[in-house]
Amino acid sequence: MSQLLHLLTAALLLLLAPAYTSSKKDHYRYRSDTPTEDPEFNAEENYFGNSVTPASRCRHNYHDRTESAINRQINLFLHVGYVYNSMAQHFGRCDVALPGFNTFFKQMAQEQREKSESLMAYQNLRGGLVTLQQVTAPSTADWGTGLEAMNRALELEKSVNQAMLELHLVALQHEDIHAATLIQTNFINPQVEKIFTISQYITNLERVGPGLGEYMFDKLPQN
């Protein structure tokens, strides 16, 4: 009788063993309900499906693609600021002598530096690594008239806006709501307003014309 009891107990343990093993192995099995479930997910090596090994203690849900895109955006801000500095010096020359444009483009260069520093601080906040790259020099040192320079500035601002939209999309693709919200609020919304303002300046410059008209525009308060 005792031998039969031992046999029944052993058979019961054999039946329960697979279920117990599966239960231990699938400790994070609840994730199968999420649309981004990865069958190879390992909770000890990843953060909630984000296949990034954290480089910093504070890093969480910060994808390497978002980190790289922010570094590229920092470089773009530095390049655009470099161009605006060149424009400012052009209008500060004695044979151009448009101090209003000089001041305006100095302010634009300062804004780009502040944006790049803001993104650097955010990179550190999220546990990313700020990787500075070579800053491309401006293509020219002669920016022509105020109208020509403003048209070039409009192109630059649109390129910055497009890059910010792509960065925002990368953050959304990896469900990084914090980064997406910051990018939209602190960068994209002001960028759209800046594009509108420069477009108005171009309209006014086309209206007043070169020579005396451009000189009078140079004296307006916004410059």
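**Remarks on the overall build of the chain**
In step 1: Assigned secondary structure in the chain consists of six helices and zero strands.
In step 2: Walking the chain from its N terminus toward its C terminus, one meets helices and strands in the order α-α-α-α-α-α.
In step 3: Here the chain, with 223 residues, has 35% of them falling under the buried criterion.
In step 4: Put simply, of all contacts in the chain between residues at least 6 apart along the chain, 73% involve residues at least 24 apart.
In step 5: Carbon and sulfur atoms make up 57% of the accessible area of the chain, which totals about 13700 Å².

**Regarding the packing of helix 3 (residues 99–125) against helix 5 (residues 177–208)**
In step 1: Taken N-terminus to C-terminus, the directions of helix 3 and helix 5 make an angle of 170°; their axes are 12 Å apart at the nearest point. Taken as axis vectors, helix 3 and helix 5 run roughly antiparallel relative to one another. Residue-level inspection shows Phe-101, Phe-104, Met-108, Glu-111, Lys-115, Ser-118, Leu-119, Tyr-122 and Leu-125 of helix 3 in contact with helix 5, the latter providing His-178, Ala-179, Leu-182, Phe-187, Gln-191, Lys-194, Ile-198, Tyr-201 and Leu-205.
In step 2: Taken together, the residues that form the contact of helix 3 with helix 5 break down as 12 nonpolar, three polar and three charged.

**Description of the pattern of salt bridges**
In step 1: What the rule picks out here adds up to six salt bridges.
In step 2: For Arg-126, the salt bridge goes to Asp-176, with nearest N and O atoms at 3.0 Å. With Arg-126 in the loop between helix 3 and helix 4 (146–173) and Asp-176 in the loop between helix 4 and helix 5, this residue pair connects regions lying 50 residues apart in the sequence.
In step 3: The exposure class assigned to Arg-126 is buried, which follows from its relative accessible area of 10%.
In step 4: The residue Arg-152 makes a salt bridge to Glu-155 at a minimum N-O spacing of 3.0 Å. On the criterion of helical spacing, the pair formed by Arg-152 and Glu-155 is a turn pair, its members being three residues apart in helix 4.

**Here we look at the packing of helix 4 against helix 5**
In step 1: At a closest axis distance of 9 Å, the pairing of helix 4 and helix 5 adopts a crossing angle of 160°. In terms of orientation, helix 4 and helix 5 fall into the roughly antiparallel class. Relative to helix 5, the crossing made by helix 4 is left-handed.
In step 2: A class-by-class count of the residues in the contact of helix 4 with helix 5 yields 21 nonpolar, seven polar and four charged.

**Concerning unusual backbone geometry**
In step 1: A positive phi angle, close to 55°, is found at Asn-61, a residue other than glycine.
In step 2: Here Asn-61 shows up in the loop between helix 1 (2–25) and helix 2 (64–91).
In step 3: The residue Ala-97 is not glycine, and still its phi comes out positive at about 55°.
In step 4: Here Ala-97 shows up in the loop between helix 2 and helix 3.
In step 5: Taking relative accessible area as the criterion, Ala-97 reaches 41% and is therefore assigned partly exposed.

**Points about the confidence of the model for the chain**
In step 1: Averaged over all residues, the pLDDT of the chain is 82; the fraction at 70 or higher stands at 74%.
In step 2: Taken as a whole, residues 16–54 scores under 50 in pLDDT and shows 29 contacts with residues more than four places along the chain or in a different chain.

**Quick look at the packing of aromatic side chains**
In step 1: Applying the stated criterion across every chain yields a total of eight aromatic pairs.
In step 2: Seen in terms of ring centroids, Phe-104 and Phe-105 are 5.1 Å apart; in terms of plane orientation they differ by 70°. Their pairing is edge-to-face. Both residues of the pair, Phe-104 and Phe-105, belong to the buried class.
In step 3: Plain terms: the ring middles of Tyr-201 and Phe-217 are 5.9 Å apart, the flat faces sit at 75° to each other, and that makes the pair edge-to-face. Placement of the pair is Tyr-201 in helix 5 and Phe-217 in helix 6 (residues 212–218), with a sequence separation of 16 residues.
In step 4: Residue classification places Tyr-201 among the buried residues on the basis of a relative accessible area of 12%.
In step 5: Of the residues examined, Phe-217 reaches a relative accessible area of 2% and is grouped as buried.

**Quick notes on the nonpolar core**
Buried together is how nonpolar side chains tend to be arranged in soluble globular proteins.
In step 1: Membership of the largest hydrophobic core comes to 41 residues, with the highest contact counts inside it found for Tyr-84, Phe-101, Phe-105, Met-150 and Met-164.
In step 2: Mapped onto this core, the elements with two or more residues apiece are helix 2, helix 3, helix 4 and helix 5.

Rules behind the numbers
Residues numbered from 1 in each chain as written. Predicted model: local features only at pLDDT ≥ 70, side-chain atom pairs only at ≥ 80, totals over all residues. Heavy atoms only, no water. Helix = DSSP H or I, 4+ residues; strand = E, 2+ residues; numbered from the N terminus. Buried < 20%, exposed > 50% of the residue type's maximum accessible area, 1.4 Å probe, protein only. Contact = heavy atoms within 4.5 Å. Areas by Shrake-Rupley, 256 points an atom, 1.4 Å probe, with all protein chains shown as cover. Axes fitted to C-alpha atoms, helices over the stretch in contact; angles between N-to-C directions. Parallel < 35°, antiparallel > 145°, perpendicular 65-115°, else oblique. Nonpolar A, V, L, I, M, F, W, Y, C, P; charged D, E, K, R; others polar. Salt bridge = Lys/Arg side-chain N within 4 Å of Asp/Glu carboxyl O. Left-handed = near helix turned anticlockwise from the far one by under 90°. pLDDT = per-residue confidence, 0-100. Phe/Tyr/Trp six-rings, centres within 6.5 Å; stacked < 30°, edge-to-face > 60°. Core = buried A, V, L, I, M, F, W, Y, C linked by side-chain atoms within 4.5 Å.

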